[in-house]
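What follows is each chain in one-letter form.
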Amino acid sequence: MHAWLCPDATGVENLAWTELPTPEPKAGEVLVEIRAASLNFPDLLMVQGKYQIKPPLPFVPGAEWAGVVQAVGEGVQGIAPGQSVACLSGTGGFATHVCAPAAHCLPLPEGFAHVDGAAFIMTYATSHHALMDRARLQAGETVLVLGAAGGVGTAAIQIAKAAGARVIAAASSEEKCNLCLKTGADAVVNYSQQDLRSALRSLTDGKGPDVIYDPVGGDLAEPAFRSIAWRGRYLVVGFAAGPIPALPLNLPLLKGASLVGVFWGEFAKREPRANAAMMGELARWYAEGRIRPVIDRTMPMGQLPAAYERMAARAVMGKLVLVN
């Protein structure tokens, strides 16, 4: 097998396409031939040594992937060789083969493309957990999605619309705003050209959004929170802009609003039954055509450094997927 090996977590430039022995699955594991692996923002942070989870060195990056099972280890039930699966394993995806716990693998039904499977779990699980569980989103409410043209952003647009909400998508260019409209947003704000607070006042008749979905952080956080509706819920999803914002704590008081943390990975560990039910609902929504990953582009696995460069430049719209 071959894999992109990260020897020291000091940056993308040190990744090396390396030949390695093809592993044998241990008890409870499956060996999968990887067909597609998506690039997520944590994959960039991880190879830079900036992510909260730091794998032992050396490691193969690539948290999320899909492929075909080649072999199963002792005790594995419900998954057989030849079956297509998707998995969020945290590492190992930027390769030709990987061993992963069978319990972490999501069997893909017939017709579920590997590229979609590789772009599905992290973004849709994060966005569903955020909007439906943490924010308790109700039909008829208004959701503001920041960084709306990215992977979690486009997933959030689709999930909010599936729940019957009105969606305002905020993005940094006209091209990204157009993508958001095609994805299902009811209105858009180009925050590189428009004042966010003024635009939100106009689009909500002065009421403000009921829910704010924020995977960006940075300078947008405070003006967004100042625009929130009474009893609004501000979802802290991530910090793609880099800086972690500091909000004046009088703002939640004045708006009767909630600042709500979103950590889907920990939720999945602590509440596995609720997570399994959520994943089942998402799979049904996919089969019904209510949600579908927005694919920025596919690139050959050998072009991973160029893919990282595109993500670092914040040029990815939707999900970028590497294919073997």
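Refer to the preceding data block for the structure.
Before going into details, it helps to say that this report is about the structure given with it. (Residues numbered from 1 in each chain as written. Predicted model: local features only at pLDDT ≥ 70, side-chain atom pairs only at ≥ 80, totals over all residues. Heavy atoms only, no water.)

Next up on the list: the overall build of the protein chain. Scanning the protein chain from N- to C-terminus turns up 11 helices and 15 strands. Taken against the 2.2 N^0.38 rule, which gives 20 Å for 324 residues, the C-alpha radius of gyration of the protein chain at 20 Å falls within 12% of a compact globule. For the protein chain, the C-alpha atoms occupy an extent of roughly 60 × 40 × 35 Å along the three principal directions. Within the protein chain, the proportion of its 324 residues that are buried is 53%. Counting contacts in the protein chain only where the partners sit at least 6 residues apart, residues at least 24 apart contribute 68% of the total. When the accessible area of the protein chain is evaluated, it comes to approximately 14,100 Å², of which 53% is carbon and sulfur surface. In the protein chain, 27 positive and 28 negative side-chain charges are present, and the distance between their average locations comes to 8 Å. (Helix = DSSP H or I, 4+ residues; strand = E, 2+ residues; numbered from the N terminus. Rg over C-alpha atoms; globule rule 2.2 N^0.38 Å. Buried < 20%, exposed > 50% of the residue type's maximum accessible area, 1.4 Å probe, protein only. Contact = heavy atoms within 4.5 Å. Areas by Shrake-Rupley, 256 points an atom, 1.4 Å probe, with all protein chains shown as cover. Lys, Arg positive; Asp, Glu negative; His and termini not counted. Charge placed at Lys NZ, Arg CZ, Asp CG, Glu CD.)

So, about the packing of aromatic side chains. Within the structure shown, the criterion is met by seven aromatic pairs. Seen from their ring centres, F112 and Y286 are 3.8 Å apart, and the 10° between their planes marks the pair as stacked. A residue pair is termed long-range when its members are at least 10 positions apart, and F112 in the loop between β7 (105-107) and α2 (114-118) and Y286 in helix α10 (residues 272-287) qualify at 174 residues. Here F112 matches Y286 in class, with each residue buried. (Phe/Tyr/Trp six-rings, centres within 6.5 Å; stacked < 30°, edge-to-face > 60°.)

Attention now goes to the pattern of salt bridges. All chains considered together, the criterion is met by 11 salt bridges. With a shortest N-O distance of 2.9 Å, E222 and R226 are connected by a salt bridge. Of the two residues, E222 and R226 are both situated in helix α7 (residues 221-226); the distance of four residues between them amounts to about one turn of the helix. Several salt bridges converge on common partners, so that one network encompasses D296, R297 and R310. (Salt bridge = Lys/Arg side-chain N within 4 Å of Asp/Glu carboxyl O.)

Turning our attention to the nonpolar core. Ranked by internal contacts, the top residues of the largest apolar core, which has 50 residues, are L131, L235 and L282. Going through the elements one at a time, α3 (121-134), β8 (142-145), α4 (151-162), β9 (166-171), α5 (174-183), β11 (211-214), α9 (264-270) and α10 are the ones with two or more residues in this core. Among the elements that make up this core, the one with the highest residue count is α4 (six residues). If we ignore the near neighbours within four places in the chain, the residues touching L131 are R136, L137, V143, A156, I159, A160, V211, Y213 and L235. Grouped together as the second largest cluster of nonpolar side chains are 41 residues, L39, V76, C87 and V98 included. (Core = buried A, V, L, I, M, F, W, Y, C linked by side-chain atoms within 4.5 Å.)

This brings us to the sheet that holds β9. Sheet architecture is open: six strands sit in the order β10-β9-β8-β11-β12-β13, paired in parallel fashion. Only two strands of the sheet have a single neighbouring strand rather than two, namely β10 (187-190) and β13 (258-261). Strand-to-strand twist in this sheet, taken as the mean axis angle between neighbours without regard to direction, amounts to 20°. In terms of strand pairing, β9 meets β10 through four bridges, oriented parallel. (Pairing = 2+ DSSP bridges. Axes fitted to C-alpha atoms, helices over the stretch in contact; angles between N-to-C directions.)

Let us look at the layout of surface pockets. The calculated volume of the second largest pocket comes to roughly 340 Å³. Lining the second largest pocket are 20 residues, and of these V60, T91, G92, V98 and C99 lie nearest its centre. Considering every element that reaches the lining of the second largest pocket, the biggest residue donor is strand β6 (residues 97-101), with five residues. For the lining of the second largest pocket, a count of residues per class yields 15 nonpolar, four polar and one charged. (1 Å grid on protein atoms, 1.4 Å probe; cavity = no way out; pocket = protein on both sides within 12 Å on 5 of 7 lines; lining within 4 Å. Points joined across faces, edges and corners; volume = space filled by probe spheres on them. Nonpolar A, V, L, I, M, F, W, Y, C, P; charged D, E, K, R; others polar.)

With respect to the helices and strands, the residue H129 is situated in helix α3. A polar contact of 3.2 Å, which involves the side chain of H129, links it to the side chain of D133. In contact with H129, other than residues within four places in its own chain, are R134, V262, F263, W264, F267 and M278. (Polar contact = N/O pair within 3.5 Å; in protein donor to acceptor, adjacent residues only side chain to side chain.)

Any functional reading would require information that these geometric values do not contain.
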